[in-house]
Amino acid sequence: MNHLNPSEILQTVIGTGKLKADANAIRLIILGILAGVFIAFAGFASNTASCNLLMETDSFGVGKILSGTIFSGGLVMVVLAGGELFTGNTLITAAVLDRSVSIGKMIRNWLIVYISNFVGAVLFAFLISKTDLLSGGAGVLGAYTLKVAAAKVNITFIHGFITGLLCNWLVCLAVWISFGADSTIGKIFSMFFPIWIFVTSGFEHSVANMFFIPAGIFVKSAGYGDIVGLTAESLNQLTWANMFVNNLLPVTLGNIVGGALCVAGAYWLSYRKFGGEKR
């Protein structure tokens, strides 16, 4: 059994992109909601496991490593169980460049999947907020959840864009490499390391943030802010409007560039445009 080479992976990505672009809207909505939930599952679990470590400067790096280890499971569920994830679907760009898919069909897929991912991730955040799980660790998990959400709505546009680009460069590399593997364990390991790197590095993933920020919004009045010393001003900044404008807008644009240009575009240029291969 052999791993596909990059040129063969490109052909698979193009074919998959065409299928995704032509997919029924109801199917995209259902699988998009599932993918949003899967990423939220991973985000919540990674926070639960590492919050104590991440709250202390001496153990911060170890906490990031642990967080990345667990969060990798989110993409594994999306790819192997079945899901439509906006960030991964930026790879449809390869099919557009190959003239197999129109720009309009690609944008249709992106919009449906993005909104569906949002619904799934927010639904999961809402459900978690109605449990006592965030009070774990004497409230440290809730405090960390709130701290993360407050920090994410106060990033600069350039920070959000660049970290979004770097994030989806790695996410799409994870998906790209998984297309080349011919076994379940091979696909899991293909996805694990790039996702581990992105989370450990602290890059921004738009769909993950659709869980992290709403989770904080839903519990901002629960008193967890006192544990981490968040001021009333900081809590007041944690709004839906600031989530969209200050975080999701720049991060999403960065995610698009990271996946469409740095992965799909780069490999299409290398192996199609300048690779001497026939379409």
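Residues numbered from 1 in each chain as written. Predicted model: local features only at pLDDT ≥ 70, side-chain atom pairs only at ≥ 80, totals over all residues. Heavy atoms only, no water.

Novice: Give me the packing of aromatic side chains: which residues, what numbers.
Specialist: Under the definition given, this model contains 16 aromatic pairs. Measuring from ring centre to ring centre gives 4.7 Å for Phe41 and Phe124, while their planes differ by 65°; the resulting arrangement is edge-to-face. In this pair, Phe41 is assigned in helix 2 (residues 25-54) and Phe124 in helix 5 (residues 103-129), connecting sequence segments 83 residues apart. Given the relative accessible area of 42%, Phe41 is considered partly exposed. Counting every residue linked through ring pairs, the aromatic cluster contains Phe41, Phe44, Phe124, Phe211 and Phe212. (Phe/Tyr/Trp six-rings, centres within 6.5 Å; stacked < 30°, edge-to-face > 60°. Helix = DSSP H or I, 4+ residues; strand = E, 2+ residues; numbered from the N terminus. Buried < 20%, exposed > 50% of the residue type's maximum accessible area, 1.4 Å probe, protein only.)

Novice: Go over the pattern of salt bridges with me, naming the residues and quoting the values.
Specialist: Charged atoms that come close allow side chains of opposite charge to pair. For the coordinates displayed, the defined rule picks out five salt bridges. Residues Glu84 and Lys20 are paired through a salt bridge, measuring 3.2 Å at the closest nitrogen-oxygen approach. Remark: Lys20 occurs in helix 1 (residues 6-21) and Glu84 occurs in the loop between helix 3 (60-81) and helix 4 (93-97); sequence separation between them is 64 residues. Accessibility assignment for this pair places Glu84 and Lys20 in one class, buried. Where Arg272 meets Asp98, a salt bridge forms, and the shortest distance between an N and an O atom there is 3.0 Å. Remark: Asp98 occurs in the loop between helix 4 and helix 5 and Arg272 occurs in helix 12 (residues 240-273); sequence separation between them is 174 residues. With relative accessibility at 9%, the residue Asp98 sits in the buried group. Shared partners join several salt bridges into a network, and the residues in it are Lys18, Asp22 and Lys105. (Salt bridge = Lys/Arg side-chain N within 4 Å of Asp/Glu carboxyl O.)

Novice: Account for the layout of surface pockets, with residues named and values stated.
Specialist: The computed volume of the largest pocket comes to approximately 520 Å³. Along its surface, the largest pocket is lined by 23 residues, and Lys64, Tyr144, Val148, Lys152 and Glu204 are the ones closest to its centre. When contributions to the lining of the largest pocket are tallied by element, the ones reaching two or more residues are helix 2, helix 3, helix 6 (140-152), helix 8 (184-201) and helix 9 (206-219). Broken down by element, the residue count for the lining of the largest pocket peaks at five residues, all from helix 6. Residue composition of the lining of the largest pocket, by class: twelve nonpolar, seven polar and four charged. (1 Å grid on protein atoms, 1.4 Å probe; cavity = no way out; pocket = protein on both sides within 12 Å on 5 of 7 lines; lining within 4 Å. Points joined across faces, edges and corners; volume = space filled by probe spheres on them. Nonpolar A, V, L, I, M, F, W, Y, C, P; charged D, E, K, R; others polar.)

Novice: Which residues make up the nonpolar core, and what are the values?
Specialist: Counting 78 residues, the largest nonpolar core has Phe71, Leu75, Leu91, Ile195, Phe198 and Phe211 as its most contacted members. No other element matches the eleven residues that helix 5 contributes to this core. In this structure Ile195 touches Phe71, Ser72, Leu75, Val171 and Ala174, once residues within four positions along its chain are discounted. (Core = buried A, V, L, I, M, F, W, Y, C linked by side-chain atoms within 4.5 Å. Contact = heavy atoms within 4.5 Å.)

Novice: Describe empty space enclosed by the protein, and please don't skip the residues or the numbers.
Specialist: Space left empty within the atom packing is revealed by a probe, the size of a water molecule, rolled over the atoms. By the definition in use, this model includes one cavity of 30 Å³ or more. Computed from the structure, the largest cavity encloses a volume of approximately 50 Å³. The wall of the largest cavity is formed by Ile39, Phe71, Gly74, Leu75, Leu85, Val171, Ile195, Phe198 and His205. Sorting elements by how many residues they give to the lining of the largest cavity places helix 3 first, with three residues. Its residues assigned to classes, the lining of the largest cavity shows seven nonpolar, two polar and no charged.

Novice: I'd like to hear about the environment of Ile188, residue by residue, with values.
Specialist: Mapped onto the fold, Ile188 is located in helix 8. Look at Ile188 and you get partly exposed, because its relative accessible area is 28%. For Ile188 and Ser72, which are 116 residues apart along the polypeptide, the C-alpha to C-alpha distance reads 9.0 Å. Leave out the neighbours within four places in its chain, and Ile188 touches Val76 and Leu80.

Novice: Mind laying out helix 6, listing which residues take part and the relevant values?
Specialist: When the terminal C-alpha atoms of helix 6 are compared, their 18 Å separation across 13 residues agrees well with the 18 Å that a helix rising 1.5 Å per residue should span. Most of helix 6 is tucked away, with eleven of its 13 residues classed as buried. When helix 6 is considered as a whole, its buried residues turn out to be Val140, Leu141, Gly142, Ala143, Tyr144, Thr145, Leu146, Val148, Ala149, Ala150 and Lys152. Residues of helix 6 that are buried make contact with helix 2, helix 9, helix 10 (225-228), helix 11 (232-236) and helix 12. (Expected span 1.5 Å × (residues − 1).)

Novice: I'd like a description of unusual backbone geometry, backed by residues and values.
Specialist: Although it is not a glycine, Arg99 adopts a positive phi angle of roughly 65°. With respect to the element layout, Arg99 can be found in the loop between helix 4 and helix 5. With a phi close to 55°, Ala138 is a non-glycine residue in the positive phi region. Structurally, Ala138 can be placed in the loop between helix 5 and helix 6.

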